[in-house]
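One letter stands for each residue in the lines below.
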Amino acid sequence: MTIRVAYDISLLGQYLDRAESMCGIARVYEEVLFELSKRDDVDVTAVSICGEGDPLQDSIQSHQYFRANEERIRARYVPSFSSRLGLTGLYHNAFSACPPEELAGGAGRGVGAALRRGGRSVLYRLSYKYGIDSLRRSFDGGSYDVFHSSYLRLPPRDLTGEVPRVLTIYDLIPVLAREYVTPVMTSLFEQILESLDVERDWVTCISQHTKDEFCEYTGMSPERAFVTPLAAAPHFHPVEDAKQIEEVRRRYGLPEGAYFLSLAAPQPRKNLAHLIRCFFRLLAEQNLPDTYLVLAGSTAQGWMYDEIFAAAEGSERHRSRVVFTGYARDEDLAALYSGALAFVFPSLYEGFGLPPLEAMACGTPVVTSNVTALPEVVGDAGIMVAPTDADALCAAMLSLASDEGLRRELGRRGLERASGFSWKNCAEQTVRAYRAASGARAGR
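The model shown is predicted, which means the values in this text are computed figures rather than measured ones.

(A) Here's a closer look at the overall build of the protein. Scanning the protein from terminus to terminus reveals 19 helices and 15 strands. A compact globule built from 444 residues should have a C-alpha radius of gyration of about 22 Å, and the protein, at 24 Å, falls within 12% of that. Based on the C-alpha atoms only, the size of the protein along its principal axes is roughly 75 × 60 × 40 Å. Expressed as a percentage of the 444 residues in the protein, the buried residues total 54%. Pairs at least 24 apart in sequence give 71% of the contacts found in the protein among residues at least 6 apart. Accessible surface, the protein: about 19,100 Å² in total, of which carbon and sulfur atoms supply 50%.

(B) Spatial organisation of the pairing of strand 12 (residues 322-326). Pairing geometry for strand 11 (residues 291-296) and strand 12, over four bridges, is parallel. Counted as the bridge partner of Leu293 is Val322 from strand 12. A crossover connection joins strand 11 to the parallel strand 12 through helix 13 (residues 306-312); in handedness this β-α-β unit is right-handed.

(C) Structural context of the packing of aromatic side chains. Tallying each qualifying case throughout the model produces 13 aromatic pairs. Measuring from centroid to centroid gives 6.5 Å for Trp202 and Phe226, while their planes differ by 35 degrees, and the two rings are tilted. Remark: Phe226 occurs in strand 9 (residues 225-227) and Trp202 occurs in strand 8 (residues 202-205); sequence separation between them is 24 residues. Taken as a pair, Trp202 and Phe226 share a single burial class, namely buried.

(D) Just the sheet that holds strand 11, in detail. Read across the open sheet, the six strands follow the order 12-11-10-13-14-15; overall the sheet is parallel. At either end of the open sheet lies a strand with only one pairing partner, and these are strand 12 and strand 15 (383-385). Across the sheet, the mean angle from the axis of one strand to that of its neighbour is 25 degrees, orientation sign disregarded. The strands that helix 12 (residues 272-285) touches are strand 10 (258-263), strand 11, strand 12 and strand 13 (342-345); relative to strand 11, the one it contacts most, it runs at about 170 degrees.

About the cut-offs
Residues numbered from 1 in each chain as written. Predicted model: local features only at pLDDT ≥ 70, side-chain atom pairs only at ≥ 80, totals over all residues. Heavy atoms only, no water. Helix = DSSP H or I, 4+ residues; strand = E, 2+ residues; numbered from the N terminus. Rg over C-alpha atoms; globule rule 2.2 N^0.38 Å. Buried < 20%, exposed > 50% of the residue type's maximum accessible area, 1.4 Å probe, protein only. Contact = heavy atoms within 4.5 Å. Areas by Shrake-Rupley, 256 points an atom, 1.4 Å probe, with all protein chains shown as cover. Pairing = 2+ DSSP bridges. Right-handed = clockwise from strand over helix to strand, strands pointing away. Phe/Tyr/Trp six-rings, centres within 6.5 Å; stacked < 30°, edge-to-face > 60°. Axes fitted to C-alpha atoms, helices over the stretch in contact; angles between N-to-C directions.

Structure below.
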């Protein structure tokens, strides 16, 4: 039986005018959407009812994201707002005609832009300034077997009706490790949990570790929670073209020489200050000429990172050996991984751990932590250390810097390990959750 799924893409619509900053959860969000839409046992409809802003803006931005990616999405999009005066189609056509930059606030040029701007102005006044019309979120729950929000909090039950609802949970960090996030992030996550009915709703969790913590924290029955492991995107593979690696090195200002790589938005739980201090210790104690630590990740995606930059300034002698690249483009990451001596990821807490998996898919040796979900991902394909054990981390990095045979062996193991994770399997496990939710509703 084909399962009719309403898949909320509100979060993806929010990245319409800033696609370069889309990473992490949003990337997972769309990979699952792309994979689900390939399946014959699922009929996917994209909707936008989980946003917190103007229902018109949320719906149109989501629709424009959908149109920009429709070559990869075998699905349809349904407008997720309605007009009290029955002008839904007029609003949708007038705003959907705007290029994304106009919709995001840009003025646009030419007669066409002026006419579109005037039309939008009239419609906005009609609804918002004069109150002649009113717009609200709209959803026909009877047309679907399952509603799925892959991150944002579930909508009110009076909007979704009796359709079974599925929510994806990535980790419990905002409530179980509050010291690693801001109070605002904790508050937002608590709102997500409050939107969930543990007796009636269903969840997908990106690791067994996350499922175990979620069920213990919320009291949800494990039978209502499904593990849907993530995967590295297809473009993560070993790059053997030396020219390509060199071009990427130049793009990010990497000096000549060997380098350890870490990829993470700078934030406390990534433990980057500890990594920097261990690297400085290694340089002070060992003969490692022309060896660098490259930290890739955008501060725009990070928080509470003052300690990280302070640690990088902590050694006057070696501070030039730490390179911050800032945001690294997705298409450059495989070459960055492939050019590294090793990928080092001493995170204190992960709901899954996608960067180590990406590194393994590129054949890059991995050093990571032996806590939370990371052992599920890396297994015996990398070197695992306690995240606060400086001696163990220094020893692991030294071993990889000095032993080419070990690097080759861990690279081989990593490739083999990474091949066991796929977005196809993630989608298959997601559909298992859909079948359980829709089957329970039908009494099967």
